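Residues per chain, in single letters:
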Amino acid sequence: MNQMYGGKAVRFSKLLNPKSGRSLIIALDHGLIFGNVEGLEDPVKTLERAISCGVDGVLLSPGIAKLTEHLFEGKNAPARILTIDFPVGSTIPGRFEKVFTHRLIHSVEQAVKMAVDAVKILFPWGLEKSAQAEVVRVIAETVEECERWDMPLVVEPVLWEENSSERNEPDLIESAARIAVEIGADILKIQFLGEDRLSRIIHRLHVPVFVLGGPKSDDLKQILKTVQESIESGAKGIMFGRNVWQRENMEEVLTVLKSIIHDGLKYEEVVQSYDL
Ligand SMILES: O=C[C@H](O)COP(=O)(O)O
């Protein structure tokens with residue numbers, strides 16, 4: 001299930017673990033939107049820790065990618081996905097929660113020069129007419145640029161409007177995922193929407209799907225169950241941030257995630273082995 005070919009296919013292959021064909025990707029781009037974030041106060045240090053644990057890929061902002069290029073030399077380095085947009089209006093909780101639109105902050109051409117393996121943009125869905133038109137224009141132009149440069153495009157459908165509770169409406173996320181693929185997304189990054197729905201999305205839309213983590217949960221076992229169910233539903237992997245680096249035992253959590261994603265272990269077995 002991968003319609004990419006040529007340079008896109010080569011780049012996309014770097015995101016996947018060569019043995020399992022799946023992927024553990026760590027998202028470290030939160031500082032771009034939120035500034036200082038608990039657990040990610042020093043993004044370079046956290047990135048180094050993640051790399052030393054053998055993650056398959058990382059999601060970075062342009063500035064941190066530039067600062068850390070030296071960490072990605074050599075054949076054993078993880079892949080990089082570059083976040084190239086900024087959601088305007090969502091930065092300070094309680095003040096600017098309505099996402100009016102988003103802006104590109106980095107070109108696809110420049111991403112090629114940085115030798116990253118994919119670029120990622122948000123797809124804010126459910127906006128008022130002019131904001132939605134602007135978002136669709138930005139995504140469509142990015143699709144075209146990614147075709148021009150053979151760069152895989154990851155699109156993340158989100159429901160970030162005035163009422164943040166809408167963020168978890170599975171029907172709307174499923175529709176937005178469909179629309180993202182119709183516009184030209186090569187890869188989707190979406191919330192876990194339950195096994196049945198996720199499996200349906202993956203099999204109907206024919207693009208690789210990665211599941212995001214969301215805010216840190218106190219229930220690690222539930223998170224691990226979600227990861228197992230995502231993989232069993234056909235997801236290529238996960239792109240997790242806070243549920244990894246906001247935990248004191250980040251290294252142990254990464255080892256456990258690798259067992260579930262790459263070795264197909266059940267979360268109950270892993271939990272017993274690691275006493276989590
Ligand atoms: O880019 C950030 C993604 O949403 C993944 O991070 P998260 O697991 O903290 O939600």
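Residues numbered from 1 in each chain as written. Predicted model: local features only at pLDDT ≥ 70, side-chain atom pairs only at ≥ 80, totals over all residues. Heavy atoms only, no water.

A.B. asks: What's the story with the side chain of Asp186 in this structure? I'm lost.
C.D. replies: Locating Asp186 in the fold gives a position in the loop between α7 (170-183) and β8 (187-190). Looking at Asp186, its side chain comes within polar contact range of the side chain of Lys8, at 2.8 Å. A distance of 2.9 Å separates a polar side-chain atom of Asp186 from the backbone nitrogen of Leu153. Excluding anything up to four places from it in sequence, Asp186 contacts Met4, Lys8, Glu147, Met151, Pro152, Leu153, Val207 and Pro208. (Helix = DSSP H or I, 4+ residues; strand = E, 2+ residues; numbered from the N terminus. Polar contact = N/O pair within 3.5 Å; in protein donor to acceptor, adjacent residues only side chain to side chain. Contact = heavy atoms within 4.5 Å.)

A.B. asks: Honestly, the site of the ligand in this entry has me stumped. Any pointers?
C.D. replies: Lining the immediate surroundings of the ligand are Ala27, Asp29, His30, Leu59, Glu156, Lys189, Gly213, Gly214, Met239, Phe240, Gly241 and Arg242. At 3.2 Å, a backbone N or O of Gly213 approaches an oxygen atom of the ligand. Measuring from an oxygen atom of the ligand, one finds a backbone N or O atom of Gly241 at 2.8 Å. With the chains in place, 92% of the 300 Å² that the ligand exposes on its own is no longer accessible. (Near = heavy atom within 4 Å. Areas by Shrake-Rupley, 256 points an atom, 1.4 Å probe, with all protein chains shown as cover.)

A.B. asks: Sorry, what's going on with the packing of helix α9 (residues 220-232) against helix α11 (residues 250-263) here?
C.D. replies: When two helices pack together, their arrangement is given by the angle between the helix axes and the distance between those axes. The N-to-C vectors of α9 and α11 enclose an angle of 30 degrees; their axes lie 9 Å apart at closest approach. With respect to α11, the axis of α9 lies roughly parallel. As for how α9 packs across α11, the hand of that crossing is right-handed. Facing α9, whose interface residues are Leu220, Leu224, Val227, Gln228 and Ile231, α11 presents Val253, Val256, Leu257, Ile260 and Ile261. Of the residues contributing to the contact of α9 with α11, the split by class is nine nonpolar, one polar and no charged. (Axes fitted to C-alpha atoms, helices over the stretch in contact; angles between N-to-C directions. Parallel < 35°, antiparallel > 145°, perpendicular 65-115°, else oblique. Left-handed = near helix turned anticlockwise from the far one by under 90°. Nonpolar A, V, L, I, M, F, W, Y, C, P; charged D, E, K, R; others polar.)

A.B. asks: Before we go on, may I ask you to explain the pairing of strand β9 (residues 209-212) in this structure?
C.D. replies: If a strand is regular, its side chains alternate between the two faces of the sheet. Burial along β9 is two-sided: the residues Val209 and Val211 and Phe210 and Leu212 are all buried. Relative to β9, β8 is paired through three bridges, and the arrangement is parallel. Along β9, the bridge assignment pairs Leu188 with Val209. Taking the sense of rotation as the criterion, the β-α-β connection linking β8, helix α8 (residues 195-205) and β9 turns out right-handed. Taken together, the three bridges between β9 and strand β10 (residues 237-240) define a ladder with parallel strand orientation. Bridged to Leu212 within β10 is Met239. Taking the sense of rotation as the criterion, the β-α-β connection linking β9, α9 and β10 turns out right-handed. (Buried < 20%, exposed > 50% of the residue type's maximum accessible area, 1.4 Å probe, protein only. Pairing = 2+ DSSP bridges. Right-handed = clockwise from strand over helix to strand, strands pointing away.)

A.B. asks: How should I be thinking about the sheet that holds strand β3 (residues 79-83) in this particular structure?
C.D. replies: Note: strands within a sheet are paired through backbone hydrogen bonds, in either parallel or antiparallel orientation. If you trace the eight strands once around the closed barrel, you get β1-β2-β3-β6-β7-β8-β9-β10, paired in parallel fashion. Adjacent strand axes in the sheet meet at a mean angle of 25 degrees when their direction is disregarded. In this sheet, β10 lies alongside strand β1 (residues 23-27) in parallel orientation, the contact comprising four bridges. The residue bridging Leu24 from the neighbouring strand is Ile238, located in β10. Contacts from α8 reach β8 and β9, with the element oriented near 165 degrees to β8.

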